[in-house]
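Reading the structure
The residues making up each chain are set out below.
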Amino acid sequence: MSIENDLALISDFDKNYCLQVFAPLPVAFVKGKGSYLYDTQGTKYLDMIGGIAVNALGHGNPKLVSAISKQAKDLIHCSNYYYIPQRSELAYRLCRASFADKAFFCNSGAEANEAAIKIARGYFYYKGEDKTEIITAEMSFHGRTYGSMTATGQEKFSKPFGPIVPGFKYVPYNDVDAIRLAITPKTAAIMLELIQGESGVRPADVEYVKAVRELCNEKGILLIFDEVQTGIGRTGKMFCYQNYGVTPDIMTLAKGLGGGVPIGAMLCTDEVATGFKVGDHGSTFGGNPLACAAGIAVLEYFGEANLLDNVNLVSAFLFEKLNKLKNKYGCVTSVRGLGLLIGIEFDETVIASGLREELLRNGFLVSAIGRSVIRIAPPLILTKSQASSFIRTLDSLLSTRMGGKSNPILNAFKNIGRKEAPVVKAPAEAKPEETAPALPAPAEDDLD
Ligand SMILES: Cc1ncc(COP(=O)(O)O)c(C=O)c1O
């Protein structure tokens, strides 16, 4: 039996056999090439979300494909009972490229954050200091496991699943006085995203990050940067902290690191590394040859393809064009982010999930955050001309939307939050009188 090209069967099996924690859009992808994805019907989409900031090299990158194919032939897994050449090399490369002296590998962002939280507490434990509290920011997102979910400063993620892990405090983002007030003699670490990706692409202020670093130095507190989304070139530097000129003690990575192959990493200084002794932490799969070979290929490709230059070039182009759209349409209230992690915020007349669906019908993939933000995090290989096609389509959708109440796109936007399928504009290739397939009631957010 093959269900690969049968969307109805795929969605039927999904509904019947997969735990319903996602709310997928009515499309399934079966192939990817560069910055494009192809669905079950062979329709092409420009991937402006890159698997949620994961497919840094795009799809089917020959170097990555050949590295993992070769590694799969040689050895996929052998366990951390033994030395692993690829793990050693990836650790070396990441430490050489960053502030860090040591790396620990796992399989996801949440696990990387678990390691960060644990080692921060372990560090003080082994020093004989009773410091266990972790301060994080309101509206942050750090993952779905108990530690990372508790670190996440949004109650909606943990409310049904309490009791949560003790020892966490939440403070408003970009407010150094709030952190100062929250610090006690028991504070072990402050954990921050430099751009809050999941709550609307909200960057931290440079002065704030600098002041937090100084506060940590003054009080002997560890600073953790969660770079799961912002790391590996996403913001135009290899690591986002390099944009701020502020170095953490611990940094977590995942998403882009394996270019799509699951891998997470927790990096720290030699000083912090004393927080884990042999046997204190581990992972069966973490650091396996396959995932580390992917990580090495990704890092090598950055150098070979001048990827950071491309990120900065295409980012500047997108910001310029998006800001023009902001000036042209009153409904665009903010364009923010860094590099190729960009949030476009709309006023109450545009519902982000409606616009996301309209873009999908026009062959563009983005994510919607909350009611008002469209996030783009495309492959870092995106070209200016691909970015330009996205801008043209967004412009045309917004301008059609201004056309009046009877306009179908306006209706599609307004219908979001609806229970039944909206009346929608036909896809570019379809006849004008055709309507797109019925959509399920959308989730408010795209969930990571
Ligand atoms: C900043 C940040 N931290 C942690 C995570 C969790 O990563 P994962 O889904 O790989 O566990 C995410 C996922 O979106 C994230 O954006």
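These numbers come from a predicted model, not from an experiment.

1. Looking at the overall build of the protein
Within the protein, the secondary structure is distributed over 15 helices and 17 strands. Buried positions account for 47% of the 448 residues belonging to the protein.

2. What to know about the nonpolar core
With 118 residues, the main nonpolar core has A120, I190, L222, A265 and A294 as its most contacted residues. Residues from two domains meet in this core; each of domain 1 (7–60 + 306–414) and domain 2 (75–305) gives at least three.

3. As for the pairing of strand β10 (residues 222–226)
The buried count for β10 comes to 5 of 5 residues, which makes it a mostly enclosed element. Burial along β10 is two-sided: L222, I224 and D226 facing one way and L223 and F225 facing the other are all buried. By the bridge criterion, 4 bridges tie strand β7 (residues 187–192) to β10 in an arrangement that is parallel. Considered in β10, the bridge of I190 is made with L223. As judged from the 3 bridges shared by β10 and strand β11 (residues 250–253), these two strands associate in the parallel manner. What sits directly across from I224, in β11, is I250.

4. As for helix α11 (residues 289–305)
Its 17 residues give α11 an end-to-end C-alpha distance of 24 Å, which sits within 8% of 24 Å, the value for a rise of 1.5 Å per residue. Buried residues dominate α11, accounting for 12 of its 17 residues. Taken together, the buried positions of α11 are L290, A291, C292, A293, A294, G295, I296, A297, V298, L299, Y301 and F302. In the core, the buried residues of α11 are packed alongside α3 (62–74), α4 (85–97), β4 (102–106) and α12 (307–328). Positive phi appears at N306, one or two residues downstream of α11, with a value of about 45°.

5. Re the sheet that holds strand β2 (residues 36–39)
Spatial ordering of the open sheet is given by β1-β2-β3-β15, a layout of 4 strands whose pairing is mixed. Each edge of the open sheet is held by one strand with a lone partner, namely β1 (29–33) and β15 (364–365). Where strand β3 (residues 44–47) lies against β15, 2 bridges are found, and the strand directions are parallel. For L46, the partnering residue across the bridge sits in β15 and is F364.

6. Let's talk about the environment of L394
With respect to the element layout, L394 can be found in helix α14 (residues 384–401). Assessed through the 25 C-beta atoms surrounding it within 10 Å, L394 is described here as buried. Taking C-alpha positions, L394 is 9.4 Å from E358, a pair spaced 36 residues apart along the chain.

7. As for the packing of α3 against α11
Axis separation between α3 and α11 bottoms out at 9 Å; the angle between their running directions is 155°. Between α3 and α11, the crossing angle belongs to the class labelled roughly antiparallel. α11 is crossed by α3, and the crossing has right-handed handedness. Between α3 and α11, the contacting residues are K63, L64, A67, I68, Q71 and A72 on the first element and P289, L290, A293, A294, I296, A297, V298 and Y301 on the second.

8. Brief notes about the sheet that holds β10
The 7 strands lie next to each other as β4-β12-β11-β10-β7-β5-β6, forming an open sheet whose pairing is mixed. The open sheet has two free edges, formed respectively by β4 and β6 (168–171), since each of these has just one partner strand. Each adjacent strand pair in this sheet contributes to an overall mean axis angle of 20°, direction not counted. Here β4 runs beside strand β12 (residues 264–268); their pairing, made up of 5 bridges, is antiparallel. Looking at β12, one finds that A103 is bridged to L267. Packing against the sheet, α4 makes contact with β4 and β12, and its axis sits at approximately 125° to β4.

9. Topic: the confidence of the model for the protein
When the pLDDT values of the protein are averaged, the result is 91; 89% of them are 70 or greater. Below pLDDT 50 for its whole length, residues 404–442 participates in 61 contacts with residues either more than four positions away or in separate chains.

10. With respect to the packing of α12 against α14
Look at α12 against α14: their axes get within 10 Å of each other, and the N-to-C directions meet at 15°. Judged by the angle between their axes, α12 and α14 are roughly parallel. Viewed along their axes, α12 and α14 form a crossing whose handedness is right-handed. Of α14, the residues touching α12 (which contributes L313, V314, F317, L318, K321 and L325) are K384, A387, I391, L394, D395 and L398. The residue inventory of the contact of α12 with α14, partitioned by class, reads 9 nonpolar, no polar and 3 charged.

11. Quick word on the environment of R121
In this fold, R121 is placed in helix α5 (residues 109–126). Taking the number of C-beta atoms within 10 Å as the measure of exposure, R121 has 20 and is therefore buried. The spatial distance from the C-alpha of R121 to the C-alpha of A188 is 6.4 Å, given a sequence separation of 67 residues. In contact with R121, other than residues within four places in its own chain, are T132 and A188.

12. Quick notes on the environment of A377
Within the secondary structure layout, A377 lies in the loop between β17 (373–376) and α14. Take A377: there are 30 C-beta atoms within 10 Å of it, and that puts it in the buried class. In this structure the C-alpha to C-alpha distance between A377 and I342, which are 35 residues apart in sequence, comes to 6.6 Å. In contact with A377, not counting residues within four places along its chain, are I49, G50, I52, A53, R234, L340 and L341.

Calculation notes
Residues numbered from 1 in each chain as written. Predicted model: local features only at pLDDT ≥ 70, side-chain atom pairs only at ≥ 80, totals over all residues. Helix = DSSP H or I, 4+ residues; strand = E, 2+ residues; numbered from the N terminus. Buried ≥ 20, exposed ≤ 12 C-beta atoms within 10 Å, placed from the backbone. Core = buried A, V, L, I, M, F, W, Y, C linked by C-beta atoms within 7 Å. Domains from an automatic or database assignment. Pairing = 2+ DSSP bridges. Expected span 1.5 Å × (residues − 1). Contact = placed C-beta atoms within 7 Å. Axes fitted to C-alpha atoms, helices over the stretch in contact; angles between N-to-C directions. Parallel < 35°, antiparallel > 145°, perpendicular 65-115°, else oblique. Left-handed = near helix turned anticlockwise from the far one by under 90°. pLDDT = per-residue confidence, 0-100. Nonpolar A, V, L, I, M, F, W, Y, C, P; charged D, E, K, R; others polar.

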